[in-house]
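Inside the fold
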Number of protein chains: 4
Amino acid sequence: MSLNSFGHVFRVTTWGESHGPGLGAVIDGCPPGVALDEGWIQPFMDRRRPGTSKNTTQRQEADRVRIMSGVFEGRTTGTPIMLMIENTDQRSKDYGEIATAFRPGHADITYHQKYGIRDYRGGGRSSARETAARVAAGAVAQAVLREMVPELRVIGYMVQMGEMRLERANFDETAISENPFFLPDAAAAAAWEDYLTGIRKAQNSVGAAVELLIRGCPPGLGAPVYGKLDTDLAAAMMSINAVKGVEIGEGMAAAALTGTANADEIRMGAGGPEYLSNHAGGILGGISTGQEILVRFAVKPTSSILTPRRTVNAAGEEIELITKGRHDPCVGIRAVPVAEAVAACVVLDHLLLDRAQTGGHRGQIG
Amino acid sequence: MSLNSFGHVFRVTTWGESHGPGLGAVIDGCPPGVALDEGWIQPFMDRRRPGTSKNTTQRQEADRVRIMSGVFEGRTTGTPIMLMIENTDQRSKDYGEIATAFRPGHADITYHQKYGIRDYRGGGRSSARETAARVAAGAVAQAVLREMVPELRVIGYMVQMGEMRLERANFDETAISENPFFLPDAAAAAAWEDYLTGIRKAQNSVGAAVELLIRGCPPGLGAPVYGKLDTDLAAAMMSINAVKGVEIGEGMAAAALTGTANADEIRMGAGGPEYLSNHAGGILGGISTGQEILVRFAVKPTSSILTPRRTVNAAGEEIELITKGRHDPCVGIRAVPVAEAVAACVVLDHLLLDRAQTGGHRGQIG
Amino acid sequence: MSLNSFGHVFRVTTWGESHGPGLGAVIDGCPPGVALDEGWIQPFMDRRRPGTSKNTTQRQEADRVRIMSGVFEGRTTGTPIMLMIENTDQRSKDYGEIATAFRPGHADITYHQKYGIRDYRGGGRSSARETAARVAAGAVAQAVLREMVPELRVIGYMVQMGEMRLERANFDETAISENPFFLPDAAAAAAWEDYLTGIRKAQNSVGAAVELLIRGCPPGLGAPVYGKLDTDLAAAMMSINAVKGVEIGEGMAAAALTGTANADEIRMGAGGPEYLSNHAGGILGGISTGQEILVRFAVKPTSSILTPRRTVNAAGEEIELITKGRHDPCVGIRAVPVAEAVAACVVLDHLLLDRAQTGGHRGQIG
Amino acid sequence: MSLNSFGHVFRVTTWGESHGPGLGAVIDGCPPGVALDEGWIQPFMDRRRPGTSKNTTQRQEADRVRIMSGVFEGRTTGTPIMLMIENTDQRSKDYGEIATAFRPGHADITYHQKYGIRDYRGGGRSSARETAARVAAGAVAQAVLREMVPELRVIGYMVQMGEMRLERANFDETAISENPFFLPDAAAAAAWEDYLTGIRKAQNSVGAAVELLIRGCPPGLGAPVYGKLDTDLAAAMMSINAVKGVEIGEGMAAAALTGTANADEIRMGAGGPEYLSNHAGGILGGISTGQEILVRFAVKPTSSILTPRRTVNAAGEEIELITKGRHDPCVGIRAVPVAEAVAACVVLDHLLLDRAQTGGHRGQIG
């Protein structure tokens, strides 16, 4: 993982700013011969797209992805795949105060301090818009995984939004795609909607927690001691804008557990070892066990809000700042497809890396 | 970050198994001319060393570090520094069942599945002993930081051990080094001792949470969008054995916050911008703000316990397993100096990386 | 250096095929605040552009570079710079035989064997057209070098084209830009022209040797033992299409020298050490000496020729193949600006890498 | 390739100085389950070892390699393999002048200028002794290749030493191991011996050219456009001490060839395509063709000679310098096993990298 790239073999580099001519991703190391076209990618983009409800920013972005290279006659060629999304909704506007003022809780000030210059239009590189490129890259990873590990599924959903929490007992996977919150509980969606409307009307924003469940991941992916699957998953999540915490399996709750409680006991099943529980979240010693992989992360509330906050500007003047414009009251909603995308990239990358080192051969049990 | 290396410029590669001839680290990219000798490194090792109390494994390891290269006449030369720790306490013993059985919650089974072979002696590469090499590398990072950023401090301490939690109001930094739990609350140490004794007597183990506070880190370190300082810190923590969750600033609690509550408002102080709070944990947009950096992580309980657990062995037989031997009832205690070490490496690495790209120049405010 | 990226800190990734929608480069790690616009880049592109004489392919390519990201109000921001060149001259044509036949000496067959699929249009990724992206990236490197080391110059010129060789005694740097061969000998250009016309009329092609002279490079760049400046320069040259050999200083001729002859003796000059000769080509132990850096490389003749050659096709049939279309009789000519570009990238990358590790401080002499 | 590491998947990091406690290599990413012990490695070391004849330095080095990690019960485990060679012949001596004087043509001065400090004992990190670690790593690569591609052979030999050149017509592979020059011409060895004796008696040294022939390499290894097999081979050769030029196939001579002469025509053989010539040296478009791979490189003469040379010292004084001590009159001889070693590493690395991306599947012909 370097500045704007991640992945060992399936390597993704993103580029672009919120209000420049466009943004995108270059994927290097993609296996050749995989069926891929823009039609496959677009539905992934549409899930992330803002403007689909009043709970996400009202900015209308087509987010149309164009494959610029690396695909020939509908198949990947093994050469770099460049995916480009042009910024069509670049409203000409007066950025006025934003150009020199620093929103509290936003990257404005650190970009200024580090680089001495920043593209302040729409947050520039720090905009959540950068994640569109990741979603496009994730769609390519999913196309490869579909051929290499057809049973693998990366399923993301919200588990918390401010005071609202998923009632685990109501978990219903089929509900996820049926409401604007990626919420696996159809009945609760209305309450979440009301809650968020309240937040929005109060000129406020709110944090969120998202969970990923990766099904069908073969055992053996990941490598000690720094190329662990959980290390790379955690890094991928933490690299998403506004993410402040990442958990695998029990996560932070592991601090409270005893060894007897935490042990995922094992019995033999028809197809090999079967675990009686999954405190580990499907990863032991940095390597996948073959169980479901469970990743959870928290997204802080959007820092661009209409409620005035005290801050300073580049001239060193103390000011009060209101951030006008089109901003998500809960940026965590859109983090769901983004997290699915980067998780797909990480899993595929480790699948290829494992194939490199071990040939994908597995030590037998029984 | 690749399989057994981490860092962009200050790059650390560790090698070695628990019961092989030795283990160590190679550091590439270290600045030249920095004062360094074995005497500087040893106290860092001693803090991590087991055998210092009955709460850590009784295995007696000298953990004596030898500088094998990269230092000449007491100063770093800019060439690779190899730090070696010989394994002196390699008891000849019958590993019997452990050689083929898989401890629940342990990397035994995934190493077997991935590689088809594993050094089962003491956990081999998956042993917490590998972290000794990280502590040695961290000591080198601290030697460089002492010269480049003398005011920088990396302070680790425990905040939770099973049911015991640090009472924040009692926080006393000076207490950390005065008790075997790295606990910043002298009065509470006795209760923690009793609690852990109970766990140990119950042939059990327990999880923990550790916090790092990095003081004196200059603003401007870290780089969007995958080379973020928090991304690399999270990856470094997650790569430590048994870590299941990582938080920056508010961490998972950010999911419950509103934007107004989460905003760290800014005023002008004598030396530049000053923040009225630190929900962000000292990092915005992946770049340090100059505030204290706050990292927290959870360590699961040791999976090697004396209480029998159901599992299988390589032959596919269902068994009950007791792990004899010298094991920490709370491996999270030793994670404190390990986390300090990898954090020091990450911060130094980003200091050098920032110097590479920006020359360390900073955009002014005021 | 990975599949389609090179550089440690100033990292260039190229993407794109000859006849796809476009091609380009993403530059990560560029210093911020550097003046850059499309007007600066274009003259570099124009030097590489084919169609400027009958000695290069008649394909008319505008090679217009568009800066898609990483630049704001005329200055680099430190975020990824994406440079895109759209392919405007994508003649619709029947590729017929070329789609399945393998040109001898061309990458057709190895792409087929490795990937099982290839974009055969114009050579796809293996086309010399990919080098346009490198030239664009090199222009950015030159913009940074202009600010960081204003006295640095990267000067490329041809020293051989088939039977024609530069007469060293006639070396005249000012002549380079005055003839279509980048030949530092104005008087000889006509003879080279006649020679190449003969080659072209004979439906043949011819190889070339190019030399780079890097002036004003400070001492201390490069790092033992695999990050040597000459290692990275050699790799950069060898990565250019059709390059078969690379030399530093004496190059292959060093095999014939004795130690007394090869030693570049040193005396003290006004500004520090001065060398009485430069057999080393300005690099000792992988690190620049401050002398002129001399790099030389050979380019094989274009494999796409009108003279029939025996080969096979994907069906395994033995055929005779003529390559119609617009091809350079001497692809080595265009290699001059390409080599300058990648050399500029390598030197800048090492300047930044050196700044990271040593802070750019230099051990004094005298 | 970074400072002291090379390889994408099979990644080698070397450490150590000539006269420190030892030196070695860490190999990360090695496939598991490969038979390996010190007995396999030692013969590779012995071929490189000086002191075997009067033509190489008289320093007696046991060069005994110890496997410190990554091997269990005679098989690689997939974890880092650390190979250590202790420096047993560290004569205590007065380095006097060498400590501050800069040998012309040696890295002394550039190390001083870059780092401001250097381990001057025996050349420190810039000593040819570092290559012992590469030979050890190469032996591990050969152990893996023996299992993965049993028919693959890496054969190195000298083709030039000053005025002496291999007569190609006399090429006899069996002779290589029968003379101290790795010369594939038994009859010529005596004349080479006399020639080198003359050089040595004249207190001089001499350059050399070495050729590598890699047989049995499957097609499809290497990847455009910067991860080319020839790019990585060239970089690996150029990273060897004193190497000044690298050629693939025709090498620099390609500059003189026409397209008709250079085309390696193809016919169908029993097992697939067969080439009628090999000007390309077995690599097209950066990818192996399945033919013999031919690499050639030049080594400059040892700069440490007994003949006085004019130079300066760190104080800026002009001096005349004689380098006493044990130095090879032709360091190119020992470069033969070193080059074989790094070539084996590069080929294996690309075999694994290709397996990662393509699964090793090959596009069929016929």
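On a predicted model such as this, the values are computed, not experimentally measured, just so you know.

1. Concerning the overall build of chain A
Along its length, chain A carries seven helices and 18 strands. Seen through its principal axes, chain A has C-alpha atoms that stretch 70 × 50 × 35 Å. Counting across all 366 residues of chain A, residues that qualify as buried make up 70%. Within chain A, residue pairs in contact and separated by at least 24 positions form 70% of the contacts whose partners lie at least 6 positions apart.

2. Quick notes on the sheet that holds strand β2 (residues 11-16) of chain D
Residues and elements named next belong to chain D. Read from one edge to the other, the open sheet built from five strands follows the order β1-β2-β3-β7-β4, with strand pairing classed as antiparallel. Edge strands, defined here as strands with exactly one partner in the open sheet, are β1 (5-6) and β4 (65-67). Sheet topology note: the β1/β2 ladder contains two bridges and is antiparallel. Paired with Ser 5 across the two strands is Thr 13, which belongs to β2.

3. Some remarks on the interface of chain C and chain D
With 114 residues of chain C at the contact, the number on the chain D side is 114 residues. For the chain C and chain D pair, buried surface summed over both sides reaches about 9,100 Å², with 59% attributable to carbon and sulfur atoms. Its largest share of buried area at the contact with chain D, chain C owes to Lys 114, Tyr 226 and Lys 244 of chain C, together 10% of the area lost on that side. Counting the contacts that link chain C with chain D gives eight salt bridges.

4. Concerning the pattern of salt bridges
Counted according to the given criterion, the structure contains 74 salt bridges over all chains. Salt-bridge contacts for Asp 108 of chain C lead to Arg 103 of chain C; the nearest nitrogen and oxygen are separated by 2.9 Å. The residues Asp 108 of chain C and Arg 103 of chain C share a single accessibility class, namely buried. Measuring nitrogen to oxygen at the nearest pair gives 3.2 Å for the salt bridge that ties Arg 48 of chain D to Asp 63 of chain D. With Arg 48 of chain D in helix α1 (residues 38-48) and Asp 63 of chain D in the loop between α1 and β4, this residue pair connects regions lying 15 residues apart in the sequence. Taken individually, Arg 48 of chain D and Asp 63 of chain D each receive the classification buried, so the pair is uniform in this respect. One salt-bridge network, in which partners are shared between bridges, spans Arg 168, Glu 211, Glu 247 and Arg 296 of chain A.

5. Notes on the relation of the copies chain B and chain A
By a simple turn and slide, chain B fits onto chain A: the slide is 0.0 Å along the axis, the RMSD is 0.0 Å, and the turn is 180 degrees. Taken together, the rotation angle and the small translation identify this as a two-fold axis. Both copies contact each other with a shared surface, as 100% of the interface residues of chain B are interface residues in chain A too.

6. Structural notes on the packing of aromatic side chains
Enumeration according to the criterion identifies 24 aromatic pairs over all chains in this entry. Taking the centre distance of 5.1 Å and the plane angle of 85 degrees together, the rings of Tyr 120 of chain B and Phe 72 of chain D count as edge-to-face. Taken together, the residues span two chains, with Tyr 120 of chain B in the loop between α2 (108-115) and α3 (131-148) and Phe 72 of chain D in strand β5 (residues 71-72). This pair shows no difference in class: Tyr 120 of chain B is buried, exactly as Phe 72 of chain D is. Taking 5.1 Å as the distance between ring centres and 70 degrees as the angle between the ring planes, the aromatic pair formed by Tyr 157 of chain C and Phe 171 of chain C counts as edge-to-face. Within this pair, whereas Tyr 157 of chain C is found in strand β8 (residues 153-161), its partner Phe 171 of chain C is found in the loop between β9 (164-165) and α4 (189-201), the two being separated by 14 residues in sequence. When the ring centre of Trp 40 of chain C is taken as reference, the NZ or CZ atom of Arg 146 of chain C above it lies at 3.8 Å.

7. Describing the relation of the copies chain C and chain D
Screw-axis analysis of chain C against chain D gives a translation of 0.0 Å along the axis, an RMSD of 0.0 Å, and a rotation angle of 180 degrees. Mapped onto chain D, 100% of the interface residues of chain C again fall at the interface, so both copies present the same surface.

8. Describing the UniProt feature "binding site: FMN" (unreviewed entry) in chain A
Mapped onto the present numbering, the UniProt feature "binding site: FMN" (unreviewed entry) falls on Arg 125, Ser 126, Ser 127, Asn 241, Ala 242, Gly 285, Lys 300, Pro 301, Thr 302, Ser 303, Ser 304 and Arg 326 of chain A. Topologically, Gly 285 of chain A is positioned in the loop between β14 (283-284) and β15 (287-288). Discounting residues that sit within four places of it in the chain, Gly 285 of chain A has contacts with Pro 224 and Lys 228 of chain A together with Ala 107 and Tyr 111 of chain B. Of note, Ser 304 of chain A is situated in the loop between β16 (293-299) and β17 (309-312). In contact with Ser 304 of chain A, not counting residues within four places along its chain, are Arg 103, His 106, Thr 323 and His 327 of chain A.

9. Quick look at the pairing of strand β12 (residues 266-269) of chain D
Residue and element names in this part refer to chain D. Note: β12 against strand β13 (residues 272-275), four bridges, orientation antiparallel. What sits directly across from Arg 267, in β13, is Glu 274. Between the end of β12 and the start of β13, which pair antiparallel, lie two residues.

10. Quick notes on the interface of chain B and chain A
Contact with chain B, which involves 114 residues of that partner, is made by 114 residues of chain A. Here chain B packs against chain A, burying approximately 9,100 Å² in sum over the two surfaces, 59% of which is carbon and sulfur. Contact with chain A buries area across many residues of chain B, yet Lys 114, Tyr 226 and Lys 244 of chain B alone supply 10% of it, more than any other trio. Inspection of the region where chain B meets chain A yields eight salt bridges. The tally of links between chain B and chain A comes to 61 residue pairs in polar contact (both at pLDDT 80 or more). Examining the composition of the side of chain B that touches chain A, we find that seven residues originate from one element, α2 of chain B, more than from any other. Tallied by class, the residues present in the side of chain B that touches chain A amount to 53 nonpolar, 43 polar and 18 charged.

11. A few points about the confidence of the model for chain A
Of the residues in chain A, 95% have a pLDDT of 70 or more, and the chain-wide mean is 93. Here the complex is predicted with pTM 0.97, and the ipTM for its interfaces comes to 0.96.

12. Quick look at the packing of helix α5 (residues 229-238) of chain C against helix α7 (residues 335-358) of chain C
Residues and elements named next belong to chain C. Running from amino to carboxyl end, α5 crosses α7 at an angle of 150 degrees, the nearest separation of the two axes being 9 Å. With respect to α7, the element α5 is oriented roughly antiparallel. Crossing of α5 over α7 shows right-handed handedness. From α5, Leu 229, Asp 232, Leu 233, Ala 236 and Met 237 reach across to α7, where they touch Ala 339, Val 342, Ala 343, Val 346 and His 350. When the residues that make up the contact of α5 with α7 are grouped by side-chain class, the tally is eight nonpolar, one polar and one charged.

Criteria and thresholds
- Per chain, residues are indexed from 1 in the order of the written sequence.
- Labels follow written order: the first chain is A, the first ligand is 1, and so on.
- Local features in this predicted model are restricted to residues whose pLDDT is 70 or higher, and side-chain atom pairs enter the listing and the counts only when it is 80 or higher, whereas totals over whole chains, interfaces and linings include all residues.
- Processing note: side-chain calculations cover all non-hydrogen atoms of the structure and skip hydrogens and water entirely.
- Strands here mean DSSP runs of E at least two residues long; helices mean DSSP runs of H or I at least four residues long; both are numbered from the N terminus.
- Burial classes follow relative accessibility: with a 1.4 Å probe on protein chains only, a residue under 20% of its type's maximum area counts as buried, one over 50% as exposed, and anything between as partly exposed.
- Any two residues whose heavy atoms approach within 4.5 Å are treated as being in contact.
- One bridge is not enough; two strands pair if DSSP finds at least two bridges between them.
- Two parts placed together each lose some accessible area under a 1.4 Å probe, and adding up what both lose gives the buried area.
- Each reported salt bridge corresponds to a side-chain nitrogen of Lys or Arg within 4 Å of a carboxyl oxygen of Asp or Glu.
- In superposing the copies, a least-squares fit is computed on C-alpha atoms, taking residues whose pLDDT is at least 70 in both.
- Under the pairing criterion, centres of Phe, Tyr and Trp rings, with the six-membered ring standing for Trp, must be within 6.5 Å; the plane angle then separates stacked pairs below 30 degrees from edge-to-face pairs above 60, leaving the rest tilted.
- A positively charged side chain is recorded as over a ring if its NZ (Lys) or CZ (Arg) lies within 6 Å of the ring centre. The angle to the ring normal must also be within 35 degrees.
- UniProt positions are given in the numbering used here, feature names are shortened, and annotations may be inferred rather than shown by experiment.
- The definition of a polar contact used here is a pair of N or O atoms within 3.5 Å, where within protein one atom must be able to donate a hydrogen and the other to accept one, and adjacent residues in sequence count solely through side-chain atom pairs.
- Each residue gets one label: Ala, Val, Leu, Ile, Met, Phe, Trp, Tyr, Cys and Pro are nonpolar, Asp, Glu, Lys and Arg are charged, and the others, such as Gly, are polar.
- pLDDT expresses, on a scale from 0 to 100, how confident the predictor is about each individual residue.
- For every element, the axis is a line fit to its C-alpha atoms; helices are fit only across the contacting stretch, and the angle between N-to-C directions ranges from 0 to 180 degrees.
- Geometric relationships in this document are graded by angle, where less than 35 degrees denotes roughly parallel, more than 145 denotes roughly antiparallel, 65 to 115 denotes roughly perpendicular, and other angles denote oblique.
- Left-handed describes a crossing whose near helix is turned anticlockwise from the far helix through less than a right angle; right-handed describes the clockwise counterpart.

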